[in-house]
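# A closer look at the structure
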Amino acid sequence: MKRISQLKQLLKGWLMNSLYTQIKHAWQLIDKYTFFGALFALIFISALLLLFPQWTTRWVNEVKVLLTDKLGVFYLSYGAISVIFVLFIAFSDMGKIKLGRAEDQKEFSTYSWSSMLFCSGIGATILYWGLIEWAYYYEGPPFELDPASTEAIKWAATYGIFHWGPIAWAIYLVPAVAISYFYHIRNQNVLKISQCLAPLIGEKLSKNYLGKSIDLLLIFGVLGGSATALGFVSPLITESLHWLFHFPNNQLIQLLVLLSITSIFSYSTSQGLQKGIKNLSHLNTYLAIGFLVFILLTGPTLFILDVGFESLGRSITHLAEMMTWNEAFARFSQQGFQKSNFPQKWTIFYWAWWLVFSPTMGLFVAKISRGRTLREVIIGALFFGSLGCASFFIILGNYGLYLQLTNQVNVIGILNHASPTEAILNILNTLPFAPIVISIFTILAVIFAATSFDTVSYILASVVQKKLKKEPMRWNRLFWAFALGLIPSVLLLLHGDLNTLQAATIISAAPLLVVMLILMVSTIRAIQYDLHFQRDYSSRTIHIQEIPDIAPWQEGKPSRAPEGSILHKENKYAKIKQTKKRYLR
C-alpha cells in the first residue's frame, strides 16, 4: 500500500510538472504586449459603452463627422490607390512570383479557396445589405437627385454593386499581398503587419514597441468592426425566429442568439483551417447558391437580370465618377449646390470599413494561398469576390426593388416606420414556401456569421503569438472567439446604437491610411530587391530560390548578391559606368 501511495504521488507530481511545462511553453509563445493590449482595448471599449454610453456616443460621432468632412478625400484616394497597387503587382513580373517553394502544390482547390475567401471576407452583412441597401439610396440618392425619381431608382440598383465591388476587394488585397509574400517567400513564421514594414522602417523599429503598437491598432479596429457586424446579424436572426416560431423579440433571445453564433464559430475555430473553416465555408457556399437561384427562378427573373445587367454597365461606365465624388462644391450653397452627405454616409464609410478589416483579411488570405502566384491571388480575389457580392445585390436587391415598384410591399414605408429587419422579412415573406425560405435565410445568416468570425478569431490568435508552427494554439483561438462577443453583448444590454461602432470604425481606419501606404512601398521594395537577387528568369512562374541572409533593412548594409544574379550584374555595370565617368573627367 505504501508503494502504491508513493507511485500515486510520483505520477501526480509528473502530471503536474508536465502540465506546468506545457502551460509555461504555451505562455512563452504569447506576445504579452499585443495580447494584453488587445484585451485592455476590448475591456476599455466595453467599459466606456457601459459606464458612459451617452458621452461615448456623442464624442465618437463628433470625431466621425470631423474625419469624413475634412479627411474624406483621403479615404476616397486610398480606394483608387489600392486598385492601382494591386493591378501593378498582378501585371508586372512581381505577379508571377509563386508563394512557397517551387515544389509546393496549391493547399486548397480553387473552389475551396474562393469559398473561404468570400465567406470569411463578407460575412452575414451581405444578406442584410443585399436585401435592403437599395432602399436607402432610393430615399437618399446621390448626385443631388430627387428621392424616388427615375434616376434615383436606377442608381439605387447600382451603388450597392459599386460599394461591394472590385475597389473593396482591392483594399482587402493590399495587406494580403504584403503578408503573403513575407510569410511564404521570406519565411517569416509570424502573421503580423508590422513585420512587413521592415524594408522601409527597418527591422529594429518593426520589432519594437512601434511595430507592436501598429499590430495593436489593427486589432482595435478589427474588434470594433466585428462587433458592429455581429450587432447587425443578431437582431436579424432574432427577428426571423420571432416570425417563424413567435419567440419573444427581447434582449434575452438576442443574447442567446449571440451566444449560439459565438459557440458555433468557436467550435469551428478550434478545429482549424482544414476541418473547421473550410467545411463551414463549403456548406455556406452551397446554401447561398441554392438560396439565390431559388429567388431568381421564382421571382421576376427577367426584371432581375435586365436591371442587374444595366446596373453592371452603369457601375463600369461611371466608375471614376463614383470613386472620386465627394460633394466638393456643397460648401457653396448660395450658388445652388446641395449637401446630401451621401459620400460621407456611404462611400467613405465603406472604404473605412474595408480598410479596418483588410489586415485580418490579408492575414487570412496569406494563410490559405500557399502554392498560388501573386497574380492568381489578386485576380482570383477581385473576380470571385466581386462576382459573389454582385450576385447578392442583383438578385436580392432587385427582387426587393421590384416589390416596391409594383406596390406589392411598401418596403420604404416599413423601413421608415418599423425597422430594416422587419422590411427584410416582409420581402422574403412574398416568396413561395415563405416559412422554409425564411428558415434557410436564418440558417444561412448564422453560418455566414460563424464563418466570418471564426476567421477573425483565428487571425487575432495568430497576431498575438510570437511564432506560428502551423496554426495558433487552440486555447488562444477559443479565447478570442468568445472575446469577440463581449462588445455586441454590452450593446444589446444597453440598447446601444450601432452607429456608434460604425463611427468608431471610421476613426480607427484613419491611422491605417498611413500604415497601408507605407506597407505598399515596403512590399514593392522587398519584392524588387529579391527579384534582383535572383539569377535570370523568364518562365511564367517565378520561384524565389535565393534570398539574402541579411537584407539591407535588417542591418542597414547592402547584401552581397550571388554571382550571376541580376543585382550582381547591375552592381558590376554600375561600377564600370562609374569608372568610365572618372576616366572621362
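Heads up: the structure comes first, above all this text.
From a predicted model like this one, the values you see are computed outputs, not experimental measurements.

### Observations regarding helix 3 (residues 53-70)
Taking 1.5 Å of rise per residue, 18 residues should cover 26 Å, and helix 3 covers 26 Å from first to last C-alpha, within 8% of that figure. Among the residues of helix 3, those classed as buried are T56, V60, L67 and T68. Buried residues of helix 3, seen end-on, are gathered within an arc of 90° and therefore sit on one face of the element. Residues Q54, L66 and K70 are exposed on helix 3 and point more than 90 degrees away from its buried face.

### Here we look at the environment of L292
As for its placement among the helices and strands, L292 is situated in helix 14 (residues 272-298). Using a relative accessible area of 8% as the deciding quantity, one classes L292 as buried. When the C-alpha atoms of L292 and I394 are compared, they prove to be 9.8 Å apart, with 102 residues separating the residues in sequence. Residues contacting L292, with those up to four places away along its chain left out, are S391, F392, I395 and L396.

### Describing a nonpolar patch on the surface
Together, L50, L51, F52, W55 and W59 line one region of the surface with nonpolar side chains, adding up to about 570 Å² of accessible area. Breaking the nonpolar patch down by element, the ones donating at least two residues are helix 2 (32-51) and helix 3. Along the chain, the position of F52 falls in the loop between helix 2 and helix 3.

### Quick notes on the pattern of salt bridges
Taken as a whole, this structure holds five salt bridges when the rule is applied. In this structure, K154 and E151 form a salt bridge, with 3.6 Å as the shortest nitrogen-oxygen distance. Residue K154 and its partner E151 are located together in helix 7 (residues 150-156), separated by three residues, close to a single helical turn. Since its relative accessible area comes to 35%, K154 is described here as partly exposed.

### Re empty space enclosed by the protein
Counted according to the given criterion, the structure contains five cavities of 30 Å³ or more. Considered as a void within the structure, the largest cavity measures approximately 130 Å³ in volume. Looking at the lining of the largest cavity, the elements that each hand over two or more residues are helix 5 (110-122), helix 17 (342-368) and helix 21 (434-463). By residue class, the composition of the lining of the largest cavity is nine nonpolar, seven polar and no charged. Of the voids in this model, the second largest cavity is the one considered here, and its volume is about 90 Å³. Along the wall of the second largest cavity there are 13 residues; nearest its centre are D215, L218, I219, L363 and V463. When residues of the lining of the second largest cavity are traced back to their parent elements, those giving at least two are helix 12 (209-245), helix 17 and helix 21. No other element matches the four residues that helix 12 contributes to the lining of the second largest cavity.

The rules behind the values
Residues numbered from 1 in each chain as written. Predicted model: local features only at pLDDT ≥ 70, side-chain atom pairs only at ≥ 80, totals over all residues. Heavy atoms only, no water. Helix = DSSP H or I, 4+ residues; strand = E, 2+ residues; numbered from the N terminus. Expected span 1.5 Å × (residues − 1). Buried < 20%, exposed > 50% of the residue type's maximum accessible area, 1.4 Å probe, protein only. Arc of directions from axis to C-beta. Contact = heavy atoms within 4.5 Å. Patch = residues over 30% accessible without salt bridge, like charges linked within 9 Å, V, L, I, M, F, W, Y side chains within 5 Å. Areas by Shrake-Rupley, 256 points an atom, 1.4 Å probe, with all protein chains shown as cover. Salt bridge = Lys/Arg side-chain N within 4 Å of Asp/Glu carboxyl O. 1 Å grid on protein atoms, 1.4 Å probe; cavity = no way out; pocket = protein on both sides within 12 Å on 5 of 7 lines; lining within 4 Å. Points joined across faces, edges and corners; volume = space filled by probe spheres on them. Nonpolar A, V, L, I, M, F, W, Y, C, P; charged D, E, K, R; others polar.

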